[in-house]
Amino acid sequence: MSAKSSSISAVADLAGVSIATVSRVLNGTKAVSADTRARVEAAVDALGYRANALARSLMRGETRLLLVLVPDFANPFFAEIVKGVESVTRENGYGLVIAEASQALSRDSPALDSLYNRMADGVISLARSTDLKPLLQEIPDLPWVACSEFIEDSEVPSVSIDHRQAAIDAVQYLLNRGHRRIALIGASEDYRWARQRHAGYQYALQRASLPVEPQLVRLARGTEYVHGMEAAGALLAMEQPPSAVFAVSDTLAIGAIKAFRRVGRRVPEDVAVMGFDDIPVAQIFEPALTTIAQPVRELGAAAAELLLKRLAGGPAESRTLDHALIVRASA
C-alpha cells in the first residue's frame, strides 16, 4: 500500500469530504450526517492501515503530529528554525505540519480546523502574538510554545534571544566605528521582537548622547528583500542620508544594500549596513553581511524539546539563548 493511499487526505478525497470532516467522524467531536459518516467509514475501510492508525491515535488522545506556524515561507530565517524543530521531532517519532500563519489562522483554514479537532498534539508558533491571542482563549488546553516571538499576557513559554540587548550590541558596534547618523530599518511592531530591537536601537543612541531622529527610522512593509529596498530608497531621498543602517533582519539589510548599490553608493565605504539573524546567504552575499547571529537551528530544537517536555507533563519553562555579533565586510 502506498503512503498516499493510506493518508487522511486520501480518505477525504475518496469520501468527497474535507480532512476536517474525516477527523470529525474518527474522533466524534462534531455531528455529521449519516451519509457523510458512511462515506468516510467506507473510505477508511478501503484504504486501510494509516487511516486506522490515525483513528487509534485519536482514541489514545494523540496524533504524533505537531503544527508549526510560520509567518513567511519566503524568509530563510524561518526555514532554518523549522529544520531545528524537525531535527528533534524526527528523533522522537513526531511528524510536522507546517502552515503559513496568515492562512492557517483564517476562519476557513483546514489547519485551524485541525487544531479545534485536536489533529495536532501541540503547536510551535513563530507568528505574531496579536494573531494568536483569540485562538489561545478558545483552545486553552492545547500545548503551545512560542519561538523567537513572545505571546504577551499569557502563560505560553517561549524560546528566544535577548533582542533588545542584541540590538544595543549592533548599534554600539556602528558607534564604535565612528558613525553618528545611524538609521533603523524596522519591521512591523506587531512583533514583540521588532519592538525590542527598536528599543535597543534607541537606547544605544541615547546612551551615546545622540538624538533619536524620527526620519531615520523606517518601518518596512514586510521582511522580504524588496521591503528592505523600499525602506532604503526612503533613506536615500533624505537631504542628509545616514552613514550607517541597522536593519532588524538580514533580508531587509540585503535589500537595502541592493538599493544603495543601484544608485552608486558603496557599502561599507559610503554607508555601512548591519543585519540581524545570520541567515545562510549572509556570508556569501557581496559584501558579506555584518550581522547579529541568532542560533537559529538551536532555537527551533529548543522549542521542540520544550513542547515535547510539556506534552510529557513537564513545566512550562521559557529559555533565552545567546546571540553573537558577526563582523564581515558590510560594516
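Residues numbered from 1 in each chain as written. Predicted model: local features only at pLDDT ≥ 70, side-chain atom pairs only at ≥ 80, totals over all residues. Heavy atoms only, no water.

**Some points on the sheet that holds strand E11 (residues 319-321)**
- Strand order in the open sheet formed by six strands is E2-E1-E3-E4-E5-E11, and the pairing between neighbours is parallel. Where the open sheet ends on each side, the last strands, each with one partner, are strand E2 (95-100) and E11. Strand-to-strand twist of the sheet, defined as the mean angle between neighbouring strand axes without regard to direction, takes the value 20 degrees.
- Contacting strand E1 (65-70), strand E3 (122-125), strand E4 (144-147), strand E5 (158-161) and E11, helix H13 (residues 296-311) crosses the sheet at an angle of about 165 degrees to E4. (Pairing = 2+ DSSP bridges. Helix = DSSP H or I, 4+ residues; strand = E, 2+ residues; numbered from the N terminus. Axes fitted to C-alpha atoms, helices over the stretch in contact; angles between N-to-C directions. Contact = heavy atoms within 4.5 Å.)

**Thoughts on the sheet that holds strand E6 (residues 182-186)**
- Spatial ordering of the open sheet is given by E7-E6-E8-E9-E10-E12, a layout of six strands whose pairing is mixed. Each edge of the open sheet is held by one strand with a lone partner, namely strand E7 (217-219) and strand E12 (324-326). The sheet shows a mean angle of 20 degrees between the axes of neighbouring strands, direction not considered.
- Relative to E12, strand E10 (residues 290-293) is paired through three bridges, and the arrangement is antiparallel. Pairing of Ala293 across the sheet is with Ala324, part of E12.

**A closer look at the environment of Glu41**
- Relative to the elements of secondary structure, Glu41 occurs in helix H3 (residues 34-47).
- Spatially, the C-alpha atoms of Glu41 and Leu26 are 8.5 Å apart, while their sequence positions differ by 15 residues.

**Some remarks on the side chain of Ser148**
- Of note, Ser148 is situated in the loop between E4 and E5.
- Sequence-distant contacts of Ser148, that is, excluding residues within four places in its chain, are made with Phe77, Ile81, Val159, Ser160, His163, Trp193 and Gln294.

**Comments concerning the packing of aromatic side chains**
- Applying the stated criterion to the full structure yields three aromatic pairs.
- A ring pair is formed by Phe77 and Phe78, whose centres lie 5.3 Å apart and whose planes are at 65 degrees; its orientation type is edge-to-face.
- Classification of Phe77 by relative accessible area gives buried; the value is 4%.
- One Lys or Arg, Arg64, reaches over the ring of Tyr94 and ends 4.0 Å from the middle of that ring.
- Cation over ring: Arg164 sits above Tyr203, and NZ or CZ is 4.8 Å from the ring centre. (Phe/Tyr/Trp six-rings, centres within 6.5 Å; stacked < 30°, edge-to-face > 60°. Buried < 20%, exposed > 50% of the residue type's maximum accessible area, 1.4 Å probe, protein only. Lys NZ or Arg CZ within 6 Å of the ring centre and 35° of its normal.)

**Comments concerning the pattern of salt bridges**
- Per the counting criterion, the structure on display carries twelve salt bridges.
- Between Glu80 and Arg297 there is a salt bridge, with its nearest N and O atoms 2.9 Å apart. With Glu80 in helix H5 (residues 76-91) and Arg297 in helix H13, the pair connects residues that are 217 residues apart, well separated along the chain.
- For Asp277, the salt bridge is made with Arg197, and the minimal N-O distance between the two is 4.0 Å. Of the two residues, Asp277 sits in strand E9 (residues 272-277) while Arg197 sits in helix H10 (residues 192-207), which places them 80 residues apart along the sequence.
- According to the relative accessible area criterion, Asp277 is buried, its value standing at 5%.
- Several salt bridges converge on common partners, so that one network encompasses Glu80, Lys83 and Arg297. (Salt bridge = Lys/Arg side-chain N within 4 Å of Asp/Glu carboxyl O.)

**Focus on the pairing of E1**
- Within E1, five of the six residues are buried, leaving the element largely enclosed by the surrounding structure.
- Where E1 meets E2, six bridges bridge the pair, whose relative direction is parallel. Note that in E2 the partner of Val68 across the bridge is Ile98.

**What about the pairing of E5?**
- Along E5, one buried face is formed by Ser158 and Ser160 and the opposite face, lined by Val159 and Ile161, is buried too.
- Here three bridges tie E5 to E11, and the two strands are oriented parallel to one another. Looking across to E11, one finds that Val159 is bridged to Arg319.

**Brief notes about the nonpolar core**
- Ile124, Leu174, Ile185, Tyr201 and Phe246 are the most contacted members of the largest nonpolar core, which has 78 residues in total.
- Looking at this core, the element that brings in the most residues is H13, giving nine residues.
- When neighbours within four sequence positions are excluded, Leu174 is seen to be in contact with His179, Ile182, Ala244, Val245, Phe246, Ala272, Met274 and Ala331.
- By size, the runner-up hydrophobic cluster in this structure holds twelve residues, among which are Leu67, Ala99, Leu142 and Ala146. (Core = buried A, V, L, I, M, F, W, Y, C linked by side-chain atoms within 4.5 Å.)

**With respect to unusual backbone geometry**
- Residue Pro268 is bonded to the preceding Val267 through a cis peptide linkage, with omega at 10 degrees.
- Of note, the amide linkage connecting Glu286 to Pro287 takes the cis form, showing an omega dihedral of -5 degrees.
- Structurally, Pro287 is set in the loop between E9 and E10.
- At Ser148, a position not held by glycine, the phi torsion is positive, near 75 degrees.
- One non-glycine residue, Asp277, adopts positive backbone phi at about 125 degrees.

**So, H3**
- For H3, built from 14 residues, the straight-helix expectation of 20 Å at 1.5 Å per residue is met to within 8% by its first-to-last C-alpha distance of 20 Å.
- Taken as a whole, H3 has its buried residues at Thr36, Val40, Ala43, Val44 and Leu47. Projected down its long axis, H3 shows its buried positions confined to an angular sector of 100 degrees, all on one face. Of the exposed residues in H3, those oriented more than 90 degrees away from the buried face are Ala34, Asp45 and Ala46. (Expected span 1.5 Å × (residues − 1). Arc of directions from axis to C-beta.)

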